[in-house]
Every structure is written in C-alpha cells, then in structure tokens.
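Notes for the structure review
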Amino acid sequence: MVSLKFEYFQRAALAGLLLLCAGCSIMPSSGPQDFQVKSEQTSSGPRYAVVKLTPEVVGVLQEYGPGALAGSFPDKRRPDSIKFGIGDVVSVTIFEAAAGGLFIPAEAGVRPGNFVSLPNQNVDSAGNITVPYAGAVRAVGRTPAEVQQDIVKSIGNRAIEPQVVVALITQNTSLISVLGEVNQPNRFPANAAGERVLDAITRAGGPKGPGWETWVTLERNGRRATVPFGSVVFSPLNNVWVHPGDSIYVYREPQVFLAFGASGQQGQFPFDMWKITMAQAMAKAGGLLDAQAEPAGVYVYRREPRELAERLGVDGSKYVGPLVPVVYNVDFRDPAGYFLATKFDMRDKDVLFAANAATVETAKFLQFVRTVVATADDTIVTTNNAHILRLNLKNGTALNTN
C-alpha cells in the first residue's frame, strides 16, 4: 500500500513537472522554429525583415546583381583621345611649303624634302615641350592635334605656310594596370582605339583560375566596384570601357553558401559556377528531409542595400546603417514555389535555412516525456522490488525462527 501511494505521488509530481515544462523551449534544435522566424522577433541579434518570395519580389531582385560595373561607371562613351603627360616622349616634325623659310635652306639641293624633325624630347616637369622659334609649348593634358595647332600659330608669321606633326613616341603616362591572378600582370599603355575590361584582362594573359571563382575590381579616380568575372563575360553592360589611369585587380575567391536546419546536409558549399539559384543550392545541400523539414519554412538570410529593401516593402526607418537584414521565405508546399526558387539567385555567403516541422518538435517533446516517464518507472520498480525483497527476507527470518 505504501509503495502504491509512493508511485502515485511520483507520477503526479512527474505530470506536474511535464505540464510546467511543456511551454518551455527545452528541446534541442538546429535553429529557430518556423513561427519564430516569421514573427521577426529577436532577443539579442539585429532586427530583420521577412520578405515572402513572389514573382514581383523576384523581378525586383533581378534588377540588383551581385555588383555592376555599369552602375558604378555609367559613362558608356569611348574614352577621350590620349593626352600627353609629364614624362612622355614626343617627336615634332615641321614642314614648310618652300625653301628659304625658318627650317628649310634656300639652296634646294642642300637637303632632301621640305621638313625638319626635331630630336625626341620628354614633356618636362612643367608640362611643356620646347620648339625653336615657338619656345615652351604646353603639352601636358593636351592631344597631339592641340599641340600642333599651338606650334603652327607660334611660328606662322615667320615660317612659310608651316605644317606640324606631333607624335607620341614613348607613352609613359596614360597607362592601364592589370594586377593579381592573371598570367601576365602588367602596366601597359592605353590603346588609342579604346578597349574594354575584357580586352585589358586579355592583354594581361587572362585569369589564372576558373572563371566562376574569379572576381574583377575596377578602380578609377578613387571609385571602386567589384563583380564576378562571369558577370563581365555574360553581361555586356559590365564590360565597360577602360580609361587611362584605371587599375584592374583580378583575384580568386570561391563563392559559397551555408546550409543549416532540416536539409539533407549541413555545412558550407561552393557554387562551382559563377551563379546558382536557390533551387540549385537546395539540391546541393541534399534537399529537404522528408521526415523533418517544414516545406513552407525555407529561408535565405542576407543583408540588402536600404534602397532595395524599401522597394521590397520593408520599412527602412526601423534599421540603422546602409544595409538591412532581410530573410527571404519560399513556400515549397506551393508547387509554384519551385519556379520562384529557380529565379532567385544566391549570393556569396548567403545562409540557407530549412526549419523543422511543428510535428518534429512535438515528437521530440513526447520522446523526452517517454524517457522521463521510463526513468521514473524504473525508480518505482526498483523501489518496489527492494520493498518486496525486504518483506520476503523478514518473512523468511520469521519462518526460520519458528
């Protein structure tokens, strides 16, 4: 009778304990539950906004790539003609219409032709070149045609119908630098006909590594932009004109995404191509676990520019800084969700998270209950057995005494 009362007491206490803990988050989990993410509530991290994937959202996102040279360098015109700089080597040739002028002797047979070529000279530190009877002629920042006109104007009243040809012999300025993971890093003169980013990289021998893990940075006048190499190849707008003085830096950095939660595999996965979609990323991570995942609770964590976030309907006034934490949600219970996932491009360092289904959390809790109850039952059974053994020993001793 005492053991039964003790058992009832134990079971009642256990039931009370389980009811008390039923509302607590005591179960192990690989991440937040679906309803927790959608609530947009956080206790310690930065605030974030949940954006449900729709055709309209996908359309807006496709306007914003992982970076665009065309956006940072919007001037689509061919670079201006190459201009002289300090240190360039220049040649000057002066023609006259007849002998007996400033440069051509009166005796026609003394020299062939009606021109004179001056010794090659550098544009000096003051930015000038020197021409007889014209003196110091401004050259820096000017084209050959502009310098020619200046010289003609200076000697026109003394020479006989002069004509002047000014040419760039050695180009020590107006250079383009291509550095980093290319086969022949170099600093070479800009092409007078103009060239684009891919042309410049080709002149440097092309990228060393696979194109899908190669990035290109273009720097001009203190402005810088970086894009994947594939974006330059497959998006003609990003293959912008290169200007004299530009620097192009090519480097390798494999793009990766991180997968957590109820996916087939968890960890860090390389793109192995210059861009992949959410559907491809989910397949790389082994898909959703049939017995664990909530198909409506698949998310991509990313920080977006404030302008983009506001176009997606996020209230930007709630966030500090130029980037807004955004969590994109796709519903794979809806068959159309798979089409949307094939249009949603992943970006480097995105976090792909698949939440557990609510039934999984319930099953975990019931398993916990079963373990606790079994532990309590074992204690009760052990206590009862010890009590029975004690009674048997006591009865056996009494019998032996009789």
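Residues numbered from 1 in each chain as written. Predicted model: local features only at pLDDT ≥ 70, side-chain atom pairs only at ≥ 80, totals over all residues. Heavy atoms only, no water.

1. What to know about helix H5 (residues 144–155)
Given 3.6 residues to a turn, an α-helix orients residues that are three or four positions apart in the same direction. With 12 residues, H5 extends 17 Å between its outermost C-alpha atoms, agreeing within 8% with the 16 Å of an ideal straight helix rising 1.5 Å per residue. Listed in full, the buried residues belonging to H5 are Val-147, Ile-151 and Ile-155. Along H5, the residues classed as buried sweep out an arc of 55° about the axis, all on the same side. Residues of H5 that are exposed and angled more than 90 degrees away from the buried face: Gln-149 and Lys-153. Where H5 is buried, its residues meet strand S2 (89–95), strand S5 (128–131), strand S6 (135–138) and strand S7 (163–170). (Helix = DSSP H or I, 4+ residues; strand = E, 2+ residues; numbered from the N terminus. Expected span 1.5 Å × (residues − 1). Buried < 20%, exposed > 50% of the residue type's maximum accessible area, 1.4 Å probe, protein only. Arc of directions from axis to C-beta. Contact = heavy atoms within 4.5 Å.)

2. Some thoughts on the pattern of salt bridges
Tallying each qualifying case throughout the model produces 15 salt bridges. Close ionic contact of Arg-203 with Glu-195 constitutes a salt bridge, the shortest N to O distance being 2.7 Å. Residue class for Arg-203 comes out partly exposed when judged on its relative accessible area of 36%. As a salt-bridge pair, Arg-333 and Glu-294 come within 3.0 Å of each other at their nearest N and O atoms. Of this pair, Arg-333 sits in the loop between strand S18 (323–330) and helix H10 (336–341) while Glu-294 is found in strand S17 (residues 293–305), placing the two residues 39 residues apart along the sequence. A relative accessible area of 55% means that Arg-333 is categorised as exposed. On the accessibility criterion, Glu-294 (13% relative accessible area) is buried. (Salt bridge = Lys/Arg side-chain N within 4 Å of Asp/Glu carboxyl O.)

3. Details of the confidence of the model for the protein chain
Looking at the protein chain as a whole, its pLDDT mean stands at 84, while 83% of the residues score no less than 70. Note that residues 1–6 has pLDDT below 50 and, in this model, two contacts with residues that lie over four places away or in other chains. Note that residues 12–24 has pLDDT below 50 and, in this model, nine contacts with residues that lie over four places away or in other chains. (pLDDT = per-residue confidence, 0-100.)

4. Here we look at the environment of Phe-73
Relative to the helices and strands, Phe-73 resides in the loop between helix H4 (69–72) and S2. On a C-alpha basis, the gap between Phe-73 and Arg-224 in space is 9.0 Å, while along the polypeptide they are 151 residues apart. The residues touching Phe-73, leaving out its near neighbours within four places in the chain, are Leu-218, Arg-220, Arg-223, Arg-224, Ala-225 and Val-240.

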